[in-house]
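Survey of secondary and tertiary structure
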Amino acid sequence: MKFLIIMIVIFVLFNIDVYAQQNLIKPLVIENDDNIQKLIDEEIVLTASIDFTGDSINDFICQTKPNNNIGDYYLEYWINSEYKILKKKIKYFTDYDEYWFVNLDNDIEPEIFWATGYSEGIDYVFLDQDFENNEDVPIFYFNPTILDPSKHKEFFWGYYWDITDLKLKKAHNSIKLLCSINHKIYRYGEITVPNSQVQLPVVCFSGKSTQPDTEVEEIKDLRWFSLEELVNEITKK
Ligand SMILES: [Ca+2]
Ligand SMILES: [Ca+2]
């Protein structure tokens, strides 16, 4: 009985739903498609499938072969399910470049959770897709942490390879993220701290830490924020 009560409290506190859908969706590598190759002059080396438009039909992201004359970057084409090129991105080679999709607001297009950088420092950022201007615009940079209620220690550093999902709550037409803007985390290394932000907030993920001894500084006042509420709190006035 005591165990049951503890589990209920944990589920309520951390919004864990045993039947919950996965919030973070990763593109799935698929075979190259001749219809796509016909659209693009460059040679396609990798095609992934994901619904990045939010209409529940999978779209395509294609990496092309780097041009030897250019060297340090390649082109990435974002093509919708009707074989229309919606975005063409220049991608520079970095040590880390991983992204997931998750809808964080009331428009149907998913936002991008992007982990990128070098061994000296990894940036964690949410991006808003802007198809009209052919770009992905940073919404905010943050400190990722993993909440693991099964361990004594509550918070672990959220290396992207340890993250399994984002702590998200969907209620009353709003989507909320579990975050803290009251913490003592100081990041060493070469990371991006945008001028527009007063701080890098803590954003909570689920997952399992492979480096549980990595110290995470004090984090207080976890709260559910909508994207708008959080951006408003951390933007320089
Ligand atoms: Ca789609
Ligand atoms: Ca959205």
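What you are looking at is a predicted structure, and each value in this text was computed from that prediction instead of being measured.

Glancing now at helix α3 (residues 227–234). Residues of α3 that are buried: Leu227, Leu230 and Ile234. For α3, the angular spread of the buried residues around the axis is 70 degrees, confining them to a single face. Within α3, the exposed residues directed more than 90 degrees away from the buried face are Glu228 and Asn232. In this structure, the buried residues of α3 make contact with β9 (135–141), β14 (174–180) and β18 (223–226).

Attention now goes to the sheet that holds β9. Here we have 4 strands laid out as an open sheet, ordered β6-β7-β8-β9, and antiparallel in their pairing. Edge strands, defined here as strands with exactly one partner in the open sheet, are β6 (96–102) and β9. When the angles between neighbouring strand axes are averaged without regard to direction, this sheet yields 30 degrees. The sheet contact formed by strand β8 (residues 121–130) and β9 spans 6 bridges and is antiparallel. Looking across to β9, one finds that aspartate 128 is bridged to valine 137.

A few words now on the environment of glutamate 218. Tracing the backbone shows glutamate 218 in the loop between β16 (202–207) and β17 (219–220). Its 10 C-beta neighbours within 10 Å are what place glutamate 218 among the exposed residues. Distance from glutamate 218 to phenylalanine 155, taken between C-alpha atoms, is 9.1 Å for residues 63 residues apart in sequence. Beyond its immediate chain neighbours, meaning those up to four positions away, glutamate 218 contacts His183 and Lys184.

The phi torsion at serine 56 lies on the positive side, around 70 degrees, for a residue other than glycine. You can see serine 56 is positioned in the loop between β2 (44–50) and β3 (59–64). Classification of serine 56 as exposed rests on a count of 8 C-beta atoms within 10 Å.

Moving on, we come to the nonpolar core. By size, the foremost hydrophobic cluster in this structure holds 30 residues, and its most contacted members are Phe142, Leu177, Cys179, Val203, Cys204 and Leu230. Counting residues per element, this core draws most heavily on β16, at 4 residues. Discounting chain neighbours no more than four positions away, the residues touching leucine 177 are Leu104, Lys167, Leu168, Val203, Phe225 and Leu230.

Spatially, β1-β2-β3-β4-β5 is the arrangement adopted by the 5 strands of the open sheet, whose pairing is antiparallel. Edge positions in the open sheet fall to β1 (28–30) and β5 (85–92), since each of these has one partner strand only. For this sheet, the mean inter-axis angle between neighbouring strands, taken without regard to orientation, is 25 degrees.

For the rest of this paragraph, the subject is the environment of isoleucine 36. Tracing the chain through its elements places isoleucine 36 in helix α2 (residues 34–37). Taking the C-alpha atoms as reference, isoleucine 36 lies 9.4 Å from isoleucine 85; in sequence the two are 49 residues apart. If we skip the residues at most four places from it in the chain, isoleucine 36 touches Ile44, Thr47, Phe60, Cys62, Ile79 and Tyr83.

The subject of this paragraph is the pairing of β14. Burial of β14 is extensive: 5 of the 7 residues sit out of reach of the surface. The pairing of strand β13 (residues 168–171) with β14 spans 4 bridges and is classified as antiparallel. Across the sheet, lysine 169 pairs through a bridge with lysine 176, a residue of β14. Count of turn residues in the β13/β14 antiparallel hairpin: 2 residues, of which histidine 172 carries a positive phi of about 50 degrees. With 4 bridges connecting them, β14 and β18 associate as antiparallel partners. Within β18, the residue paired with leucine 178 across the bridge is tryptophan 224. Pairing of β14 with β16, which is carried by 2 bridges, proceeds in the antiparallel orientation. Among the inter-strand pairings, serine 180 is bridged to a residue of β16, identified as valine 202.

Let's shift gears to the pairing of β3. Where β2 meets β3, 6 bridges bridge the pair, whose relative direction is antiparallel. The partner of isoleucine 50 across the bridge, within β3, is aspartate 59. Pairing analysis gives 4 bridges linking β3 to strand β4 (residues 73–79), with the strands arranged antiparallel. From the neighbouring strand, cysteine 62 faces β4, where its bridge partner is tyrosine 77.

How each quantity is defined
Residues numbered from 1 in each chain as written. Chains lettered and ligands numbered in written order. Predicted model: local features only at pLDDT ≥ 70, side-chain atom pairs only at ≥ 80, totals over all residues. Buried ≥ 20, exposed ≤ 12 C-beta atoms within 10 Å, placed from the backbone. Helix = DSSP H or I, 4+ residues; strand = E, 2+ residues; numbered from the N terminus. Arc of directions from axis to C-beta. Contact = placed C-beta atoms within 7 Å. Pairing = 2+ DSSP bridges. Axes fitted to C-alpha atoms, helices over the stretch in contact; angles between N-to-C directions. Core = buried A, V, L, I, M, F, W, Y, C linked by C-beta atoms within 7 Å.

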